[in-house]
Amino acid sequence: MDFKNLVAHCKEYGFIFQSSEIYDGLSAVYDYGPYGVELKNNIKAYWWKSMVQMHENIVGIDAAIFMHPKTWKASGHVDAFNDPLVDNKDSKKRYRADQLIEGYAEKIEQKINKDVEKAREKYGEAFDEAQFRATNGRCIERQKQIDAILARLGAAMKAGDMEDLKAQIEEYEIACAESGSKNWTEVRQFNLMFNTQLGNIAGEEGKLYLRPETAQGIFVNFLNVQKSTRQKIPFGIAQIGKAFRNEIVARQFIFRMREFEQMEMQYFVRPGTEMEWYEYWKAARLKWHKALGTDDRKLRYHDHDNLAHYANAAVDIEFDFPFGFRELEGIHSRTDYDLTQHQELSGKKLQYFDPEQNENYIPYVVETSIGCDRMFLAVVSNALTEETVPDAEGQESTRVVMKIHPALAPVKIAVLPLLKNKEALTETATLIYNDLKKHFNCQYDEKDAIGRRYRRQDAIGTPYCVTIDFDTLEDGTVTIRDRDTLEQKRIKTEDIYNFVQEKVSFESLLG
Ligand code: GAP
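Description of the structure in this document. What you are looking at is a predicted structure, and each value in this text was computed from that prediction instead of being measured.

Quick look at the sheet that holds strand β16 (residues 364–371)
Point 1. A sheet is described by the order of its strands in space; here 7 strands give the open sequence β3-β9-β10-β16-β13-β12-β11, paired in mixed fashion. Both outer strands of the open sheet, β3 (58–60) and β11 (299–303), are each paired with one neighbouring strand and no more. Within this sheet the neighbouring strands show an average axis-to-axis angle of 25°, counted without direction.
Point 2. With 10 bridges joining them, strand β9 (residues 235–244) and strand β10 (residues 259–269) adopt antiparallel strand pairing. When the sheet's bridge partners are listed, K242 is paired in β10 with E261.

Below, the structure written as C-alpha cells:
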C-alpha cells in the first residue's frame, strides 16, 4: 500500500491522528488513537519482555524527562547535538543542508535505478543486476559521483565545516523544492534540544532541557542501579520513555517526530570486551525484528561511516519503509565516553569494582536504541495489504487487511453474533465476550452484515473472529475465522481461549 493511503488508513481506523488537528495541527507531533495505543503498548511489551524480563542481568528503570542541565553539557548535547540549517531566502523555507545534499545524491541513484529497470525489461529472466551495476559504464560513473558526494558531505559534517556545506549546495546547483530558487542563506548550526525554564531560578542557571534521548537517565543512575540490584558486569539497564528533538525538517509522518518515544538499553561491559558484545547485540536485535515475520528483504544492516564523537562502532538496522530504506534502530559501542564525562562534571566516581579482575574501572557501554514510533511505522507498513479475496457470497472483492503478528494486534478476537435481532444469539455471544475480555483485548460487534464486520476487523488487524450462530445454541461450537488464510473452522466454545492464547502469546517470538 502506498504511503499516502497508509497515513489515511491510520487516521480512518483510529491508529494515529495529527496532534491538535482542530487547530490545523502541530507539525511532526502525533496522537495515538484507540487502536494505535494498543499496538504501541504491545510493541513496548514485546521489547520489555524480550530485553528485560528474559534476561536475568538486565533491569529496567523509568527516569524523569527533566535532568540536571549539566547532564547535557557532559553528554555533549549542548555543544554538539546540532544539525546544519539553511534557509531559502525566497520561499523562507528551512532545510537541513546535509539532507539537501543527500537528496541530490539520491537523484543520481534514481537515475541508476532507472537504467537498471530498463535493462531488466530488455534482458528479462537472464538479467543479472549485480553484474550490470558493476560493468555498465554509465552506472559506474554515476556511482563514483555518488560516492564522492557522500564522502565530501561526511567529511564536512565531521569537521563541522558549514562553509563547505554551503559551497556544495552551490556547486551542485541545488534549488528549493518550493520556489525553485537557489538563493540560500549561510549554513549554520542549529541545536536540536528543546529548552524551558525552572520556575524559581531565573536566567541560565534555571535552564532545563527536554531530554533528547533516554540514555542519559540510565548513565546517571548506573551506580544506583548496580548497587541496589547487585548486578555484576556484564549487565544492562533498559528504559522506555519520551524524547524530544526540535527537528528542522520533520516529514514522513511518524518517522521523524519532535516528540517521540525511545526504547533503549545500555549494556555495561568490561573494557576490551565491547566489540564482542556489540556483535552479540547486533545479531540479537535483528533476530528480534525477524521473529515478527518481517520479510527478510525489508531489513538490513548499515554500518556508520562517520562515527559520533562517543562511539567506536555503530550500525543501523534499516527497514524498507514506503519511502525507502531508513534507520529503524541503532546499535552503538559508546566506549566509556558518557560515564567518564559524567564522572568529570559531577565530581562523583562512577567506577565499578570488578571482583573477578580485582580492579576498579569505568565500564564500556554497548547501546541498543530503537524508536517506538518508528517501529510502529515499520510494523504497519509491513502489514498493511490490499488484496482480492472471495467475500461471504463467494464473489471476488478487495479487502484492506493489516497482517500484523497476532501478538502485536490491537484487538485479538472479535465476537460476532450472526444476527443482531435474535436474542438467543446475542445473549450467548455476550456471555462468550464477557469471558474472553478478561484475557484478551476483545470486541463485540453485532452491527451490519457479517462480511462487513469481517472487513472492519481485517482493517485493524484482528487475527481471529468468532461467529455465534444457531449451531452454537445446539452444540456449543463457534466458527473461528483466521484473518490471513480466511480459513473458518468450528471449535468448542470452551476451546476458544486456548486456541487464541497460543497464537497471540509472545512465547513464539521469544525463541
Ligand atoms: N541514545 C542513542 C540515540 O538516541 P539516535 O540514533 O539518535 O540514537 C535512536 O536515536 C533511535 O531513535 C533511532 O534509531 C530512531 O528509531 C529513533 N528516533 C530518533 N530520532 C527520532 C525522531 N525525530 N522521531 C522518531 N524517532 C526517532
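Structural notes on the sheet that holds strand β4 (residues 82–87)
Point 1. An order of β5-β4-β6 is seen for the 3 strands of this open sheet, with the pairing classed as antiparallel. In this open sheet, the two edge strands, each paired with only one partner strand, are β5 (94–96) and β6 (188–191). Across this sheet, the average inter-strand angle for adjacent strands is 50°, counted without regard to direction.
Point 2. Relative to β6, β4 is paired through 4 bridges, and the arrangement is antiparallel. Counted as the bridge partner of L85 is R188 from β6.
Point 3. Against the sheet, helix α5 (residues 97–123) contacts β4 and β5, and its axis sits at roughly 70° relative to β5.

Section: the pairing of strand β19 (residues 413–417)
Each regular strand shows side chains that alternate between the opposite faces of the sheet.
Point 1. Extensive coverage of β19 is indicated by the burial of 5 of its 5 residues.
Point 2. Relative to strand β20 (residues 442–444), β19 is paired through 3 bridges, and the arrangement is parallel. Bridge assignment links A414 to a residue of β20, and that residue is Q443.
Point 3. For the crossover that starts at β19, traverses helix α14 (residues 423–436) and ends in the parallel β20, the hand is right-handed.
Point 4. With 5 bridges joining them, β19 and strand β21 (residues 464–468) adopt parallel strand pairing. Paired with A414 across the bridge in β21 is C465.

Focus: the site of the ligand
Point 1. Taken together, 21 residues lie near the ligand, and E213, R245, M257, E264 and E327 sit nearest.
Point 2. Within the contact set of the ligand, a nitrogen atom lies 2.8 Å away from a backbone nitrogen or oxygen of M257.
Point 3. In the model, a nitrogen atom of the ligand is placed 3.4 Å from a nitrogen or oxygen of the R334 side chain.

Rules and cut-offs
- Residues numbered from 1 in each chain as written.
- Predicted model: local features only at pLDDT ≥ 70, side-chain atom pairs only at ≥ 80, totals over all residues.
- Heavy atoms only, no water.
- Pairing = 2+ DSSP bridges.
- Helix = DSSP H or I, 4+ residues; strand = E, 2+ residues; numbered from the N terminus.
- Axes fitted to C-alpha atoms, helices over the stretch in contact; angles between N-to-C directions.
- Contact = heavy atoms within 4.5 Å.
- Buried < 20%, exposed > 50% of the residue type's maximum accessible area, 1.4 Å probe, protein only.
- Right-handed = clockwise from strand over helix to strand, strands pointing away.
- Near = heavy atom within 4 Å.
- Polar contact = N/O pair within 3.5 Å; in protein donor to acceptor, adjacent residues only side chain to side chain.

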